[in-house]
Amino acid sequence: MMLGHLLHLAGIDSVIIENRSRDYVIERVRAGVLEQGTVDLMIESGVGARLQREGLFHDGISINVYAQRRRIDMAALTGRRITVYGQNEVVKDLIAARMVTGRALLFEVADVTIDDVNSKQPKIHFTHNDELQEIRCDFIAGCDGFHGICRPSIPEDCIQIFERTYPFGWLGILANAAPSSSELVYSRHPNGFALFSMRSNTVTRLYLQCLPDEDLAQWPDDRIWEELLTRLGSDDGWKPNVGPILQKGVTGMRSFVAEPMRYGRMFLAGDAAHIVPPTGAKGLNLAIADVWRLSRAVAEYYQSGYEALLDRYSEECLQRVWRAQQFSWWMTSLLHRSDTGNPFDCRRQRAELESVTSSPAAMTMLAENYVGFPVAHEFAALQMVLRR
Ligand code: DHB
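All values reported here derive from a predicted model rather than from experimental measurement.

Caption draft 1: Layout of the pattern of salt bridges. On inspection of all chains with the given rule, the structure shows 21 salt bridges. Residue Glu 316 pairs with Arg 293 through a salt bridge whose shortest N-O separation is 4.0 Å. Of this pair, Glu 316 sits in helix H9 (residues 308-335) while Arg 293 is found in helix H8 (residues 283-304), placing the two residues 23 residues apart along the sequence. In this structure, Glu 316 and Arg 293 share a single accessibility class: buried. Arg 350 is the salt-bridge partner of Glu 354, the closest N and O atoms lying 3.9 Å from each other. Taken together, the residues Glu 354 and Arg 350, both in helix H10 (residues 343-356) and 4 residues apart, mark about one turn of the helix. For Glu 354, a relative accessible area of 29% corresponds to the partly exposed category. One network of salt bridges, in which partners are shared, links Arg 50, Glu 54, Glu 89 and Asp 93.

This is the structure in structure tokens:
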């Protein structure tokens with residue numbers, strides 16, 4: 001949706017096809033932490049009005065180290081902050097902007113296949129309202145997620161996969177309860193990791209480390225609350241407010257990168273090309289950074305026939321992707337309980353938590369990764385390199 005929006009602003013047409021329904025994508029709760037660069041891009045591109053009104057701006061986070069809550073003041077350390085605003089809200093705003101343009105946006109398409117990706121006119125075939133349809137285009141943007149069809153359409157010998165799975169997952173809930181803290185709390189407890197987040201002044205979002213294939217049937221609401229209160233509660237008396245659970249689900253965790261993020265005239269973006277474990281809240285922000293870069297490269301192509309930005313797309317994206325991979329892996333290892341780890345690793349992790357919550361240098365490293373590196377500035381630097 002963001003790519004379609006940025007292309008529209010550059011006067012470039014696109015057809016967006018989505019296999020889910022409009023209600024599904026608007027209602028399904030997903031990520032919620034926007035980096036400063038993502039927020040800036042939404043505001044500058046004219047889709048940030050509701051975000052500015054309803055987004056929750058956070059200057060810091062806390063890490064609860066074995067019941068001791070310690071704050072990391074990200075704004076003081078980096079001059080940047082994060083914004084809590086649901087991914088589905090971002091999608092809702094982008095759909096509204098798309099409707100105004102009158103450009104094509106089709107929901108509930110099925111049987112999507114792509115052809116002639118290596119030619120100058122790739123094709124997409126699909127069914128919509130029981131009718132077979134074909135799109136002939138100059139470029140395909142594979143923004144169809146980890147389970148989409150774009151990446152698997154690339155011949156195996158043209159793509160390299162880097163992957164790591166984790167022996168845990170997250171059980172996430174959305175609760176009708178006012179957030180009891182105005183900032184996020186990441187917690188390491190002997191029972192494992194837990195996270196306190198929110199979606200609004202009346203809705204709390206919470207996560208518990210669990211098994212990757214955890215059976216939700218074993219987790220009645222009372223058990224979820226008991227475990228959340230145990231893992232999140234701190235010595236200063238803080239704990240989350242309890243309320244009716246509105247949604248719950250289990251997600252596995254993996255680190256995954258496909259290189260290059262291009263095959264012929266198809267460009268992969270977001271989860272189609274890379275997955276990070278959720279601990280650093282990077283997934284959505286990486287996807288936005290990818291499509292910002294892709295929109296500039298495509299715009300440059302139509303303005304001047306210049307393909308250098310398209311040619312550099314994958315390499316440039318992957319620099320940010322690998323930094324985010326490193327950060328997300330590190331945050332995950334820092335905060336989760338590993339049942340396969342030996343007692344040495346457990347003590348070492350505790351020492352690292354002490355360091356990260358007391359050394360200004362260590363806190364700054366966490367904070368600058370967490371708030372995210374500037375996207376636009378990075379891109380301006382790239383343009384200067386190319387002009388030389
Ligand atoms: C949320 C998700 C994350 O992965 C995270 O690190 C912080 C917050 C959330 O859904 O609010």
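Once the structure has been displayed, the description carries forward.
Caption draft 2: Region of the structure containing the sheet that holds strand E4 (residues 60-65). Here 8 strands make up an open sheet; going across it, the order is E5-E4-E13-E14-E15-E12-E16-E19 and the pairing mixed. The sheet terminates laterally at strand E5 (68-73) and strand E19 (274-275), the two strands that pair on one side only. H10 rests against E4, E5 and strand E13 (184-189) of the sheet, and its axis sits at about 145 degrees to E4.

Caption draft 3: Main features of the site of the ligand. Surrounding the ligand, one finds 13 residues, the nearest of these being Tyr 186, Ser 197, Arg 199, Tyr 207 and Pro 278. At 2.6 Å, a side-chain N or O of Tyr 186 approaches an oxygen atom of the ligand. Considered on its own, the ligand offers 290 Å² of accessible surface; in the complex 96% of this is hidden by protein. Counting only elements with at least two residues in the shell around the ligand, the list comes to E13, strand E14 (192-198) and strand E15 (204-210). Here the shell around the ligand is built from residues that sort into 8 nonpolar, 3 polar and 2 charged.

Caption draft 4: Fine view of the nonpolar core. Formed by 61 residues in total, the largest nonpolar core has its most connected members in Met 2, Leu 34, Met 266, Leu 268 and Leu 310. Going through the elements one at a time, helix H1 (2-9), helix H3 (36-44), helix H6 (87-101), strand E9 (123-128), strand E16 (245-259), strand E18 (266-268), H8 and H9 are the ones with two or more residues in this core. By residue number, the principal contributor to this core is H8, which donates 11 residues. Residue contacts for Leu 34: discarding those within four places in its chain leaves Val 39, Met 42, Leu 51, Ile 82, Thr 83, Tyr 85, Val 90, Leu 284 and Asn 285. Val 33, Tyr 66, Tyr 207 and Val 356 belong to the second-largest nonpolar core, a separate cluster that totals 50 residues.

Caption draft 5: Spatial organisation of helix H7 (residues 221-232). For H7, spanning 12 residues, the distance from its first C-alpha to its last is 16 Å, which sits close to the expected 16 Å at 1.5 Å a residue. Those residues of H7 not exposed but buried are Ile 224, Trp 225, Glu 227, Leu 228, Arg 231 and Leu 232. All buried residues of H7 lie within an arc of 170 degrees about the axis, which places them on one face of the element. Exposed and facing more than 90 degrees away from the buried side of H7 are Asp 222 and Glu 226.

Caption draft 6: Expanded view of the packing of H1 against H8. Where H1 contacts H8, the two axes come as close as 9 Å, and the packing angle between them is 30 degrees. Looking at the two axes, H1 sits roughly parallel to H8. Pair H1 / H8 crosses with right-handed handedness. Contact residues: H1 offers Met 2, Leu 3, Leu 6 and Leu 7, while H8 offers Ile 288, Val 291, Trp 292, Leu 294, Ser 295, Arg 296 and Val 298. A per-class count over the contact of H1 with H8 returns 9 nonpolar, 1 polar and 1 charged.

Caption draft 7: Region of the structure containing the environment of Asp 40. Tracing the sequence through the fold places Asp 40 in helix H3. When its relative accessible area of 28% is taken as the criterion, Asp 40 is described as partly exposed. Note: C-alpha distance between Asp 40 and Ile 161 (121 residues apart in sequence) is 32 Å.

Caption draft 8: The packing of aromatic side chains, seen in detail. Under the defined criterion, the tally for this structure stands at 14 aromatic pairs. For the ring pair Tyr 166 and Phe 168, a centre distance of 6.1 Å and an interplane angle of 35 degrees mean the geometry is tilted. The burial state of Tyr 166 is the same as that of Phe 168; both residues are buried. Look at Phe 196 and Trp 238: their rings are 5.1 Å apart centre to centre, the planes differ by 85 degrees, and that puts the pair in the edge-to-face class. Highlighted residues: Phe 196 in strand E14 and Trp 238 in the loop between H7 and E16, separated in sequence by 42 residues. A residue is classified by how much of its surface remains accessible, and Phe 196, at 0% relative accessible area, is buried. Connected via pairs of aromatic rings, a cluster forms that spans Phe 139, Phe 267, Tyr 301, Tyr 302 and Tyr 313. Above the ring of Tyr 24, the side-chain terminus of Arg 20 is found at 4.2 Å from the ring centroid. Stacked on the ring of Trp 219, the Lys or Arg Arg 223 has its end atom at 3.6 Å from the ring centre.

The rules we used
- Residues numbered from 1 in each chain as written.
- Predicted model: local features only at pLDDT ≥ 70, side-chain atom pairs only at ≥ 80, totals over all residues.
- Heavy atoms only, no water.
- Salt bridge = Lys/Arg side-chain N within 4 Å of Asp/Glu carboxyl O.
- Helix = DSSP H or I, 4+ residues; strand = E, 2+ residues; numbered from the N terminus.
- Buried < 20%, exposed > 50% of the residue type's maximum accessible area, 1.4 Å probe, protein only.
- Pairing = 2+ DSSP bridges.
- Contact = heavy atoms within 4.5 Å.
- Axes fitted to C-alpha atoms, helices over the stretch in contact; angles between N-to-C directions.
- Near = heavy atom within 4 Å.
- Polar contact = N/O pair within 3.5 Å; in protein donor to acceptor, adjacent residues only side chain to side chain.
- Areas by Shrake-Rupley, 256 points an atom, 1.4 Å probe, with all protein chains shown as cover.
- Nonpolar A, V, L, I, M, F, W, Y, C, P; charged D, E, K, R; others polar.
- Core = buried A, V, L, I, M, F, W, Y, C linked by side-chain atoms within 4.5 Å.
- Expected span 1.5 Å × (residues − 1).
- Arc of directions from axis to C-beta.
- Parallel < 35°, antiparallel > 145°, perpendicular 65-115°, else oblique.
- Left-handed = near helix turned anticlockwise from the far one by under 90°.
- Phe/Tyr/Trp six-rings, centres within 6.5 Å; stacked < 30°, edge-to-face > 60°.
- Lys NZ or Arg CZ within 6 Å of the ring centre and 35° of its normal.

As far as function goes, none of this settles anything; it's purely spatial.
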